[in-house]
Amino acid sequence: MVDFVYKIFRNIKIAKKIYYFYLNRKATSSKASFWQLFVISFNSCSNISIKSDLYHIKKIKLGNKITIEDGSIINYPLECSKNENTITLGDNTYIGSYARLSPQKGFITIGKNCTVHSFCVFLGEGGITIGSDVRIATSTIIVSSAHRFGDRRIPISEQGIAAKGVKIGNDVWIGAHATILDGVTIGDGAIIAAGAVVNKDVIPFTVVGGVPAKLIKYR
């Protein structure tokens, strides 16, 4: 009798593990296989590391001659985004090792001839649009949303978020460890100094730096 009960109990545990495995597998985003990465690289004449992780490849639009280095995570998570292309990378764009491009419910669009160096983090909840010929140095953070905190009676975690988006023009240079916050527009030809925290719009062809970023000079 004891053996019979034990077998039933064990089978229930096995069944539960299989069930939860199925649920988790169903909920987990689809990651591109080695073969899919090979086909994408071949078709676009690109260099995409097999040690990078690309998710939801049907929503990724790649130009030609793209480079994606080891450890980069592209297009994850994807939280019910309605955008046709949640990640768009223009021709000759370089994504360094361990960068993370996460569209969330929004999108990330990067133009031609851009470089995004190692350990950059882009969160595209409100949408991130980057022009062409943009240089983004290592560990830059671009966040296109922000927590609401207006009501002190409600925990910040329960007040939702505001998402205006971030727009970066053409021929922009962003220094290492810079942070670009939601709602910011950076004009063409601007330079963001290393370590700057940008919380306001940047005029074209200016150099800004500091925390928060302020005008240093005109180019």
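Calculation criteria
Residues numbered from 1 in each chain as written. Predicted model: local features only at pLDDT ≥ 70, side-chain atom pairs only at ≥ 80, totals over all residues. Heavy atoms only, no water. Helix = DSSP H or I, 4+ residues; strand = E, 2+ residues; numbered from the N terminus. Buried < 20%, exposed > 50% of the residue type's maximum accessible area, 1.4 Å probe, protein only. Contact = heavy atoms within 4.5 Å. Areas by Shrake-Rupley, 256 points an atom, 1.4 Å probe, with all protein chains shown as cover. Arc of directions from axis to C-beta. Pairing = 2+ DSSP bridges. Polar contact = N/O pair within 3.5 Å; in protein donor to acceptor, adjacent residues only side chain to side chain. 1 Å grid on protein atoms, 1.4 Å probe; cavity = no way out; pocket = protein on both sides within 12 Å on 5 of 7 lines; lining within 4 Å. Points joined across faces, edges and corners; volume = space filled by probe spheres on them. Nonpolar A, V, L, I, M, F, W, Y, C, P; charged D, E, K, R; others polar.

Topic: the overall build of the protein chain
Working step 1: In terms of regular secondary structure, the protein chain is built from two helices and 24 strands.
Working step 2: Looking at the 219 residues of the protein chain, the share that counts as buried comes to 40%.
Working step 3: Of the contacts formed within the protein chain by residues at least 6 apart in sequence, a portion of 27% connects residues at least 24 apart.
Working step 4: Of the roughly 13000 Å² that the protein chain leaves accessible, carbon and sulfur atoms contribute 58%.

Quick look at helix H2 (residues 34-44)
An α-helical turn contains 3.6 residues, so any two residues separated by three or four positions project in the same direction.
Working step 1: Residues of H2 that are buried include every one of Leu37, Ser41 and Ser44, and no others. An end-on view of H2 places all buried positions within 85 degrees of arc, on one side of the element. The exposed residues of H2 that point more than 90 degrees off its buried face are Trp35, Phe42 and Asn43.
Working step 2: Elements in contact with the buried residues of H2: strand S1 (47-48) and strand S2 (53-54).

Let's talk about the environment of Ile108
Working step 1: Secondary-structure assignment places Ile108 in strand S9 (residues 108-110).
Working step 2: Along the primary structure Ile108 and Leu123 are separated by 15 residues, whereas in three dimensions their C-alpha atoms are 8.1 Å apart.

Some points on the pairing of strand S24 (residues 214-218)
Working step 1: Of all five residues in S24, zero are buried; the element is thus mostly exposed.
Working step 2: By the bridge criterion, four bridges tie strand S23 (residues 206-209) to S24 in an arrangement that is antiparallel. In the strand pairing of S24, Thr206 is matched with Tyr218.
Working step 3: The hairpin turn running from S23 into S24, its antiparallel successor, is four residues long, and Gly210 in that turn takes a positive phi close to 105 degrees.

Here we look at unusual backbone geometry
Working step 1: Residue Tyr76 is joined to Pro77 through a cis peptide bond whose omega torsion reads -5 degrees.
Working step 2: Examined against the element boundaries, Pro77 turns out to sit in the loop between strand S5 (73-74) and strand S6 (87-89).
Working step 3: Cis geometry is adopted by the peptide bond preceding Pro212, which originates at Val211 and carries an omega value of -10 degrees.
Working step 4: Within the secondary structure layout, Pro212 lies in the loop between S23 and S24.
Working step 5: In this structure, Lys65 is a non-glycine residue whose phi angle is positive, near 60 degrees.
Working step 6: Although it is not a glycine, His177 adopts a positive phi angle of roughly 65 degrees.
Working step 7: Looking at the element boundaries, His177 is found in the loop between strand S18 (173-174) and strand S19 (179-180).
Working step 8: What makes His177 exposed here is its relative accessible area of 52%.

Considerations on the side chain of Asp182
Working step 1: As for its placement among the helices and strands, Asp182 is situated in the loop between S19 and strand S20 (185-186).
Working step 2: Polar contacts involving the side chain of Asp182 include one to the main-chain amide nitrogen of Lys164, which spans 2.9 Å.
Working step 3: Within the structure, Asp182 has its side chain in polar contact with the backbone nitrogen of Gly165 (distance 2.7 Å).
Working step 4: What Asp182 contacts, discounting residues up to four positions off in sequence, is Val143, Ser144, Ser145, Ala146, Ala162, Ala163, Lys164, Gly165 and Val166.

Digging into the layout of surface pockets
Working step 1: The space that makes up the largest pocket amounts to roughly 170 Å³.
Working step 2: Lining the largest pocket are Val198, Asn199, Lys200, Asp201, Val202, Ile203, Thr206, Val208, Pro212, Ala213, Lys214 and Leu215.
Working step 3: Mapped by element, the contributors of at least two residues to the lining of the largest pocket are S23 and S24.
Working step 4: Looking at the lining of the largest pocket residue by residue, the class counts come to seven nonpolar, two polar and three charged.

What to know about the sheet that holds strand S7 (residues 94-95)
Working step 1: The strand order across the open sheet formed by nine strands is S1-S4-S7-S10-S13-S18-S21-S23-S24, and the pairing between neighbours is mixed. With partners counted over all chains shown, the strands left at the sheet margins are S1 and S24, one partner each.

Observations regarding the environment of Pro103
Working step 1: Structurally, the position occupied by Pro103 is in the loop between strand S8 (100-102) and S9.
Working step 2: Spatially, the C-alpha atoms of Pro103 and Gly127 are 7.5 Å apart, while their sequence positions differ by 24 residues.

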